[in-house]
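# Coordinate analysis (summary)
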Amino acid sequence: RISFDQYLRHDEINSYLDQLASDYPDLVTVSTIGQSYENRTMKIIRISTGTTPKPVFFVEAGMHAREWISPALSLYIINQLVENPDNRGLLEDLDWIVLPSLNPDGYEFTWTSNRMWRKTRSPGVMCSGTDGNRNFGFHWMENGASNLECSETYAGKEAFSEVEARNLRDILDATDNIVAFISIHSYGQYLFYPYSYDVGLKPDNWQELDDLAHKVNDVISAINGTEYTIGSSTEVMYPAAGCSDDWAMGGAGIDIVYVFELPGGGKEGFDLPPERILPVCIETWEGIKVMADLIAQDA
Ligand code: 0X9
Ligand code: ZN
């Protein structure tokens, strides 16, 4: 049984997915999308009812190693969709794919060596690691990214230098009919939509994305008062080229794309204490459900 009073190691995350695949064979398919640089297995779970594939809602988590609430929320989403029969309606018009652990090497490093590690763990000359969220090949390195390997926002030797970023790119390419993509980070209570590679560049459907984000925030803020700042990240935070959300929209052609920056906590903001996992998951899930319901109406 999964509980949300503690964070899980990468292997425990994979075990939970495998357990669901064996407990719910009609509902769940777990597949491997590749290995990480240090050879950890990267899995996705597809949750689907019926016999024909439906439009897909794709959830990415665990890009930045220290943002532990991100994989935790993705497991909560999986738990709710699979193990809570009250949520079957969310599977009527959509399939869900969740990738809980996009940076397993960095994540394990935060458990064993440095709690504040952010990047991947591929070696460099002076420093290890590339910022996965600067490594995607859409306007790579144009803004808000570093070519210095010791920087926290090092974009890598080239676009898609990181196998973890390639694994995500390849599964997005190989999956038909993804209607929505969310990338879960922490912290700061932001709900971003593309583009983040340059100042003032918004997609054609930005108004629709903005409206939907406000509806999500209305639902979340009604629960514990958590308010999200909404906008393109260049407007409300900083420009950052090479992010997975820009790739999802500009590279993979997905129309509805967001980044969640969940609430912070703890001493460093990223080290939200375990007793905060459940409240953050509960309130954010309410927002994600509304997002999915509204998307399903148009899908
Ligand atoms: O800098 C980042 O990669 C993200 N913030 S974090 O504190 N989680 O590292 C922000 C991403 C920039 N915005 C978008 N990708 N839209
Ligand atoms: Zn992040």
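Rules used throughout
Residues numbered from 1 in each chain as written. Chains lettered and ligands numbered in written order. Predicted model: local features only at pLDDT ≥ 70, side-chain atom pairs only at ≥ 80, totals over all residues. Helix = DSSP H or I, 4+ residues; strand = E, 2+ residues; numbered from the N terminus. Rg over C-alpha atoms; globule rule 2.2 N^0.38 Å. Contact = placed C-beta atoms within 7 Å. Pairing = 2+ DSSP bridges. Axes fitted to C-alpha atoms, helices over the stretch in contact; angles between N-to-C directions. Expected span 1.5 Å × (residues − 1). UniProt positions renumbered as here; feature names shortened; annotations may be inferred. Buried ≥ 20, exposed ≤ 12 C-beta atoms within 10 Å, placed from the backbone. Parallel < 35°, antiparallel > 145°, perpendicular 65-115°, else oblique. Left-handed = near helix turned anticlockwise from the far one by under 90°. Nonpolar A, V, L, I, M, F, W, Y, C, P; charged D, E, K, R; others polar. Core = buried A, V, L, I, M, F, W, Y, C linked by C-beta atoms within 7 Å.

Once that is clear, we can look at the overall build of the protein. Helix and strand counts for the protein stand at 8 helices and 8 strands. Rg of the C-alpha trace for the protein: 18 Å, near the compact-globule value of 19 Å for 299 residues, within the 12% margin. Over its C-alpha atoms, taken along the principal directions, the protein stretches across nearly 50 × 40 × 40 Å. Long-range contacts, defined as pairs at least 24 residues apart, comprise 74% of the intrachain contacts of the protein with a sequence gap of at least 6.

With mixed pairing, the 8 strands of this open sheet are ordered in space as S1-S2-S4-S3-S5-S8-S6-S7. Because the sheet does not close on itself, it has two edges, and the strands there are strand S1 (28-35) and strand S7 (229-232). The average undirected angle you get between the axes of adjacent strands in this sheet is 20°. Looking at chain direction, strand S3 (residues 56-61) and strand S5 (residues 178-186) are connected through 6 bridges and run parallel. Across the sheet, the residue bridging to Ala61 is Ile184, located in S5. Lying over the sheet, helix H1 (residues 10-23) contacts S1 and strand S2 (41-47), oriented at roughly 145° with respect to S1. Along the sheet, helix H4 (residues 163-174) makes contact with S1, S2, S3, strand S4 (95-99) and S5, crossing S1 at roughly 135°.

With that settled, the discussion passes to helix H8 (residues 277-298). Along its 22 residues, H8 runs 32 Å from first to last C-alpha, staying within 8% of the 32 Å computed at 1.5 Å per residue. For H8, the elements touching its buried residues are S3, helix H2 (69-83), helix H5 (206-224) and strand S8 (256-262).

UniProt annotation of "domain: Peptidase M14" (unreviewed entry) refers to residues 6-295 when read in the numbering used here. Note that residues 6-295 is 34% helix and 17% strand, and that its end C-alpha atoms are spaced 31 Å apart.

What follows concerns the pairing of S8. When you tally the buried positions in S8, you get 7 out of 7 residues, the bulk of the element. Neither face of S8 is exposed, since Ile256, Tyr258, Phe260 and Leu262 on one face and Val257, Val259 and Glu261 on the opposite face are all buried. As paired strands, S5 and S8 are joined by 7 bridges and run parallel to one another. In the strand pairing of S8, Ser183 is matched with Val259.

An α-helical turn contains 3.6 residues, so a residue and the one three or four places further along point in the same direction. The buried count for helix H7 (residues 244-251) comes to 6 of 8 residues, which makes it a mostly enclosed element. Contacts made by the buried residues of H7 are with S3, H4, S5 and S8. With its phi angle positive at about 75°, Gly253 sits one or two positions after the end of H7.

With that out of the way, let us pick up unusual backbone geometry. Cis geometry is adopted by the peptide bond preceding Tyr187, which originates at Ser186 and carries an omega value of 10°. Note that the residue after Pro194, namely Tyr195, is joined by a cis bond; omega there is -5°. Positioned with a positive phi, Asn39 is a non-glycine residue whose angle comes to about 75°. Mapped onto the elements, Asn39 comes out in the loop between S1 and S2. Residue Asn39 is classed as exposed on the basis of its 9 C-beta neighbours within 10 Å.

Moving on, we come to the packing of H5 against H8. Closest axis-to-axis distance for the H5/H8 pair is 9 Å, and the angle between their directions is 150°. Here H5 is positioned roughly antiparallel relative to H8, judged by the angle of their axes. Judged by the twist between their axes, the crossing of H5 over H8 is right-handed. On H8, the residues that touch Leu212, Lys215, Val216, Val219, Ile220, Ile223 and Asn224 of H5 are Pro279, Glu283, Thr284, Glu286, Gly287, Val290, Met291 and Leu294. Of the residues in the contact of H5 with H8, the class split is 9 nonpolar, 3 polar and 3 charged.

Buried together is how nonpolar side chains tend to be arranged in soluble globular proteins. Core analysis: the largest hydrophobic core is formed by 87 residues, its most contacted members being Phe57, Val59, Leu73, Val98, Leu191, Ile254 and Tyr258. When residues of this core are assigned to their parent elements, the largest contribution, 9 residues, is made by H2. Ignoring sequence-local partners within four residues, the contact set of Leu73 consists of Ala61, Ile184, Leu262, Val280, Cys281 and Thr284.

Their axes nearest at 10 Å, the elements H2 and H8 cross at an angle of 60°. As judged from the angle between their axes, H2 and H8 are oblique. As H2 runs across H8, the sense of the crossing is right-handed. Here Ile69, Ala72, Leu73, Tyr76, Ile77 and Gln80 of H2 lie close against H8, whose contacting residues are Ile277, Val280, Cys281, Thr284, Trp285 and Ile288. Its residues placed into classes, the contact of H2 with H8 shows 10 nonpolar, 2 polar and no charged.

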